[in-house]
Amino acid sequence: MTEPIHIPSMEPDRAIHQTTLKAIALLIGVAATVLVPLVYLSSTNPLEVWATGLVAAIGWMAYGLVRRGYTRYMPHLMVYSVLMAANLAVLAYGSVRAASGFVFVAAVAGAGVLLSRTALVGSVVFSVASLGALTLAEIQGWLHPPNFNVGVKVWITHATVLIVVAILVFYSRSRAEAAFQRQLEELALRKRTEQERDRSLDRFVRIFRNSPSPMMAQSARDGMILDVNPAFERCYGYPHQQVLGQPDHVLWADLAQRSAYLEQLAEHRRTDRVAARGRRADGSEFDAQVSSEMSDDPGDRLVITTIIDVSAQNEAMERLRTSEERFAKAFNFSPLKMTITRLSDGKIVEVNQPRDPVQGLGRADLLGRTTLETGSWLRPADRQAFVGRLQAQGYVSGYETRMRHADGSVIDAKMWAERIEIDGEDCILSCFVNTSEEKRREAQLLALTRGMAGLSGDALLQALTLHMAQAIGADMVTVSELRTDRRLCALVVWKDGGSGRIASVDLDGTPCAEALNQPELCVHENGLAQRFPHDRARADEGWQAYAGQSLRDEDGTPIGVLNAFWRRPVQLSNDTRALVAIFASRANAELVRLRRDREILRLNSSLEERVRQRTAELHKLNAELDSFAYSVSHDLKSPLRAIDGFTQLLQESLDGRLHAHEAELFGRVLASTHRMSALIADLLALARVSQGPLQRGPVDLSALALQVLQAEQDKHPGRVLRWQVAPGLHAQCDTRLARIALENLLGNAVKYTRDQPEAVIAFGLHPAAQGDVGDFFVRDNGTGFDMVHADQLFKPFQRLHMPSSGFEGTGIGLATVRRIVERHGGRIEGFSRPGQGAEFRFSLSPATTPP
């Protein structure tokens, strides 16, 4: 904090001065009063008495005046009065050698202490002149003879003069000490002032340098820039040295603005946030507020200027203004009811329309009143629930509520609201829509939906015509189908509150024909007989108004009409037209479904017969094919055995006489006959599994798999086979075919694992979902196969491993397994990766496990 500066006061000097004057005046008055009787008794010269009395009178008068505060000219009066009295005393005494001479000394001393220099010089001149004149008078004998007798009056006079001189000396010393003390105080004051100035200057420099706003110091005489702060350099882009000593006109985008600004500064000596356009070093301009202050010190004519870049602020304000303008337009011109209410008490502060389209209240009825008072909320609890939800989410969308209309009725409404802030107070911006009519239509549609739920065919169309007649107030509603002869056949009729029947209608000249030929709703609200004079059947019934909607197939072809008739003129509102469109859509869907059902029934009746015929033919062909394959295979075995036998005999008879090449040819012939024999055997096996009825029965597949694996181990005694067979696996299947399937699957597993140090073969059942049948599986750790060729697995004579790979086979085994599985109503799949084994999953429906 800055220490307070103490300014020395002159009041103590005045008090000392007044006290000194009172003391001198009192001393003179008392001493002269004491001398008056003494002089009177001891002197024969009346002038001496009068002189002493004059001095006493002067002393007491001066004392009285000083006490009353008249001190300005009291020293002059006392000094010159004492000098006059001294002259009188010398004249009365008759010699300048009398005690009165001391009075001149005292008067001059008093003048030197109490009076100015001029008054002092005057008193000295007066005293010297008086003493000179009196001395001359005494030399010439013009004075009466003096009396040099010494007495009390001489002592009193001398003592008084000494005391007065002492008082004057003390007074003079006191004044000197007071002056010296003032000098010391002034020195201390100056020192503190200089320190305070240094601190203020240091603070100013720190503020100037560290201010976030651009600042510059200029000369008030010529406007040259004397200093700028770092913020100025950042704002304008000018380095510090580049602008020092330069005029500031380069900083102004508009020099006319600069001239007006300087005139304002010169007039008022300060400016505050004057709007201006600044220019940076790169030529870009920005909005600024300029504040300047001019120093009053004639020796230090400085102008300190602060610049604030308000471009971002102005842009924000412009965006805010634009946003507010848009909000105002959206608020005021919205066709929906919009209000702004206070969150605290629900008081309405703004309404966007002169008349509320929801509640039917005027603007004056709403402004200044709360939402509870205007009926926007029926109960305080309703508003509390709404406000709680709004405070939790910050907004409310599609909030359903109920309000009281101006006519006293309760209406349904839906509102959207958002929490906003206006002038620091939380408010609610709300938008309302009257949903009473929408609720009524929803209830009506819900009743219609419930009335037609679960119905189909004629029952649905009957209910549809009933509800449509009630909903639109029609006297008759029909659903008619267009026949191939271009006549309308009424499927259902609702007439005059009950079901009815209408014969087929010829379309020519009827409103039904007009409705059928256009996709949109056909409406005649009156004068039906005049518009269709040839339609005598409708005219005789007295129909005056008509509405019809064509019913069309998916390709847009007309297939029927939904008709409504009235015996009175009507005006169909948009809601009524929408209801007719809804009923027509449902009738259209049902009519399309009925026509599809008829087509499906017709197709099914012919399709079943064709399927039976094709199935019988297929069975016959399959049986013939199986018989042919069996016969061919059986008939080929005899010549093949002959070829094989004779070739072996020929090879044995020529043993030792054949060349190596000839022996190799004999070996290839025998290998081919063996392969051909295996193919024939597999073909016979494939044919056998397709022939004969299935002999289903409970089969223990676990035991069957163990028998097959043990037989394989016996065939390959040099191999290490390790198998894992899940116990208790049963199935309702043919035992013979099940063994063939397992022999092929397990035999393949043994064959394709021969390159493994230890073959691992597993047979088990995959768990299935509840209510489903699980799949059996055969898994191995053999060579595997590529799933890209999995579709070739179960085709006859298709092999994924060629004979050159070292794995023998004919490609019939998996085809045989598939035929067996399919005869049992199951399926089979294969899964594998090259080098990671294979797994085959199959089902023999149904699979069972023992309890």
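What you are looking at is a predicted structure, and each value in this text was computed from that prediction instead of being measured.

## Some thoughts on the confidence of the model for the chain
Stage number 1. Per-residue pLDDT for the chain has a mean of 80; in total, 81% of the residues score no lower than 70.
Stage number 2. Counting contacts from residues 1-10, a segment whose pLDDT is below 50, to residues more than four positions away or on other chains yields 11 contacts.
Stage number 3. Contacts from residues 847-851, a stretch scored under 50 in pLDDT, to residues over four places away or in other chains number 14 contacts.

## Description of the sheet that holds strand β22 (residues 775-780)
Stage number 1. In spatial order, the strands read β19-β21-β22-β24-β23; together these five strands make up an open sheet with mixed pairing. The sheet is open, and its two edges are formed by β19 (721-725) and β23 (828-832), each paired on a single side. Averaged over all adjacent pairs, the angle separating strand axes in this sheet is 15°, with direction ignored.
Stage number 2. In terms of strand pairing, β23 meets strand β24 (residues 838-842) through five bridges, oriented antiparallel. Note on β24: the bridge partner recorded for Ile828 is Phe842.
Stage number 3. Of the strands in this sheet, β19, β21 (759-766) and β22 touch helix α21 (residues 701-715), which is tilted by about 175° from β19.

## Here we look at helix α23 (residues 813-823)
Since the α-helix packs 3.6 residues into each turn, any two residues three or four apart lie on the same face.
Stage number 1. Looking at α23, one finds that the buried residues are Gly813, Leu814, Ala815, Thr816, Val817, Ile820 and Val821.
Stage number 2. Among the residues trailing α23, Gly825 stands out with phi positive, at a value near 80°.

## Regarding the packing of α21 against helix α22 (residues 735-751)
Stage number 1. The interhelical angle for the contact between α21 and α22, taken along N-to-C directions, is 45°, at an axis separation of 9 Å. Taken together, the axes of α21 and α22 lie oblique to each other. When you trace α21 past α22, the crossing you get is right-handed. Two secondary-structure elements touch here, α21 through Leu701, Leu704, Ala705, Gln707, Val708, Leu709 and Glu712 and α22 through Thr735, Ala738, Arg739, Leu742, Glu743, Leu746, Gly747 and Val750.
Stage number 2. Residue composition of the contact of α21 with α22, grouped by class: nine nonpolar, three polar and three charged.

## Examining unusual backbone geometry
Stage number 1. Of note in the backbone geometry, Arg269 takes a positive phi value of approximately 65° without being a glycine.
Stage number 2. Within the secondary structure layout, Arg269 lies in the loop between α9 (255-268) and β3 (270-279).
Stage number 3. Look at Arg269 and you get partly exposed, because its relative accessible area is 28%.
Stage number 4. Despite not being glycine, Asp423 shows a phi value in the positive range, around 55°.
Stage number 5. One can find Asp423 in the loop between β9 (410-422) and β10 (425-434).
Stage number 6. What makes Asp423 exposed here is its relative accessible area of 80%.

## With respect to the environment of Leu709
Stage number 1. Relative to the helices and strands, Leu709 resides in helix α21.
Stage number 2. Taking the relative accessible area as the measure of exposure, Leu709 reaches 1% and is therefore buried.
Stage number 3. It is 6.9 Å that separates the C-alpha atoms of Leu709 and Leu746, two residues lying 37 residues apart in sequence.
Stage number 4. If we skip the residues at most four places from it in the chain, Leu709 touches Trp723, Val725, Leu746 and Ile761.

## Regarding α22
Stage number 1. Its 17 residues place the ends of α22 24 Å apart at the C-alpha level, agreeing with the 24 Å of an ideal helix rising 1.5 Å per residue.
Stage number 2. Along α22, 12 of the 17 residues are buried, which leaves the element largely enclosed by surrounding structure.
Stage number 3. Taken together, the buried positions of α22 are Leu737, Ala738, Ile740, Ala741, Leu742, Leu745, Leu746, Gly747, Asn748, Ala749, Val750 and Lys751.
Stage number 4. Its side-chain oxygen at 3.0 Å from the backbone nitrogen of Arg736, Asp734 defines the N-terminal cap of α22.

## Here's the deal with a nonpolar patch on the surface
Stage number 1. The grouping of Leu26, Val30, Val34 and Trp60 at the surface amounts to a nonpolar patch, some 310 Å² of accessible area in total.
Stage number 2. One can find Leu26 in helix α1 (residues 11-42).
Stage number 3. The exposure class of Leu26 is partly exposed, given its relative accessible area of 32%.

## Focus: the side chain of Arg719
Stage number 1. Within the secondary structure, Arg719 sits in the loop between α21 and β19.
Stage number 2. The charged side chain of Arg719 is buried without a salt bridge, its nearest counter-charge being Glu712 at 7.0 Å.
Stage number 3. Setting aside its immediate chain neighbours within four residues, Arg719 contacts Gln713, Val750, Lys751, Thr753, Arg754 and Ala759.

## Notes on the nonpolar core
Stage number 1. By size, the foremost hydrophobic cluster in this structure holds 38 residues, and its most contacted members are Leu701, Leu742, Leu745, Leu746, Phe763, Phe840 and Phe842.
Stage number 2. Mapped onto this core, the elements with two or more residues apiece are α21, β19, β20 (730-734), α22, β21, β22, α23 and β24.
Stage number 3. Counting residues per element, this core draws most heavily on α22, which supplies nine residues.
Stage number 4. Residue contacts for Leu742: discarding those within four places in its chain leaves Leu701, Leu704, Ala705, Val708, Gly747, Phe763 and Phe842.

## Points about empty space enclosed by the protein
Stage number 1. Applying the stated rule across the entire model yields one cavity of 30 Å³ or more.
Stage number 2. Taken as a whole, the largest cavity spans an internal volume of roughly 90 Å³.
Stage number 3. Looking at the largest cavity, the residues that line it are Thr339, Thr341, Gly346, Thr371, Ser376, Trp377, Arg383, Phe386, Met415, Ile428, Ser430 and Phe432.
Stage number 4. Listing elements by their share of the lining of the largest cavity, those giving two or more residues are β6 (337-342), α13 (380-393) and β10.
Stage number 5. Residues of the lining of the largest cavity, tallied by class, amount to five nonpolar, six polar and one charged.

## Concerning the pattern of salt bridges
Stage number 1. Summed over the entire model, instances satisfying the criterion amount to 39 salt bridges.
Stage number 2. Among the ionic pairs, Arg596 bridges to Asp553, the shortest N-O distance being 2.6 Å. Here Arg596, found in helix α19 (residues 574-653), pairs with Asp553, found in the loop between β16 (545-552) and β17 (558-566); they are 43 residues apart in sequence, far enough to count as distant.
Stage number 3. A residue is classified by how much of its surface remains accessible, and Arg596, at 33% relative accessible area, is partly exposed.
Stage number 4. For Asp553, a relative accessible area of 18% corresponds to the buried category.
Stage number 5. Each of Arg277, Arg279, Glu285 and Asp287 takes part in a single network of salt bridges with overlapping partners.

## So, the sheet that holds strand β1 (residues 215-219)
Stage number 1. Across the sheet, which stays open at both edges, the five strands sit in the order β2-β1-β5-β4-β3 with antiparallel pairing between neighbours. The sheet terminates laterally at β2 (225-228) and β3, the two strands that pair on one side only. On average, each strand axis in the sheet is inclined to that of its neighbour by 25°, with strand direction left out of account.
Stage number 2. Sheet topology places β1 next to β2; three bridges connect them, and they run antiparallel. Counted as the bridge partner of Met216 is Val228 from β2.

## Here's the deal with the pairing of strand β11 (residues 476-482)
Stage number 1. Along β11, seven of the seven residues are buried, which leaves the element largely enclosed by surrounding structure.
Stage number 2. In β11, alternate side chains face the same way, and those of Met476, Thr478, Ser480 and Leu482 on one face and Val477, Val479 and Glu481 on the other are all buried.
Stage number 3. Two strands pair when backbone bridges link them, and β11 and strand β12 (residues 487-495) are joined in this way by seven bridges, in the antiparallel orientation. When the bridges of β12 are listed, Met476 appears paired with Lys495.
Stage number 4. Judged from the six bridges that link them, β11 and β17 form a sheet pairing that is antiparallel. Directly across from Val477, in β17, lies its bridge partner Ala564.

Definitions and cut-offs
- Residues numbered from 1 in each chain as written.
- Predicted model: local features only at pLDDT ≥ 70, side-chain atom pairs only at ≥ 80, totals over all residues.
- Heavy atoms only, no water.
- pLDDT = per-residue confidence, 0-100.
- Contact = heavy atoms within 4.5 Å.
- Pairing = 2+ DSSP bridges.
- Helix = DSSP H or I, 4+ residues; strand = E, 2+ residues; numbered from the N terminus.
- Axes fitted to C-alpha atoms, helices over the stretch in contact; angles between N-to-C directions.
- Buried < 20%, exposed > 50% of the residue type's maximum accessible area, 1.4 Å probe, protein only.
- Parallel < 35°, antiparallel > 145°, perpendicular 65-115°, else oblique.
- Left-handed = near helix turned anticlockwise from the far one by under 90°.
- Nonpolar A, V, L, I, M, F, W, Y, C, P; charged D, E, K, R; others polar.
- Expected span 1.5 Å × (residues − 1).
- Polar contact = N/O pair within 3.5 Å; in protein donor to acceptor, adjacent residues only side chain to side chain.
- Patch = residues over 30% accessible without salt bridge, like charges linked within 9 Å, V, L, I, M, F, W, Y side chains within 5 Å.
- Areas by Shrake-Rupley, 256 points an atom, 1.4 Å probe, with all protein chains shown as cover.
- Salt bridge = Lys/Arg side-chain N within 4 Å of Asp/Glu carboxyl O.
- Lys, Arg positive; Asp, Glu negative; His and termini not counted.
- Core = buried A, V, L, I, M, F, W, Y, C linked by side-chain atoms within 4.5 Å.
- 1 Å grid on protein atoms, 1.4 Å probe; cavity = no way out; pocket = protein on both sides within 12 Å on 5 of 7 lines; lining within 4 Å.
- Points joined across faces, edges and corners; volume = space filled by probe spheres on them.

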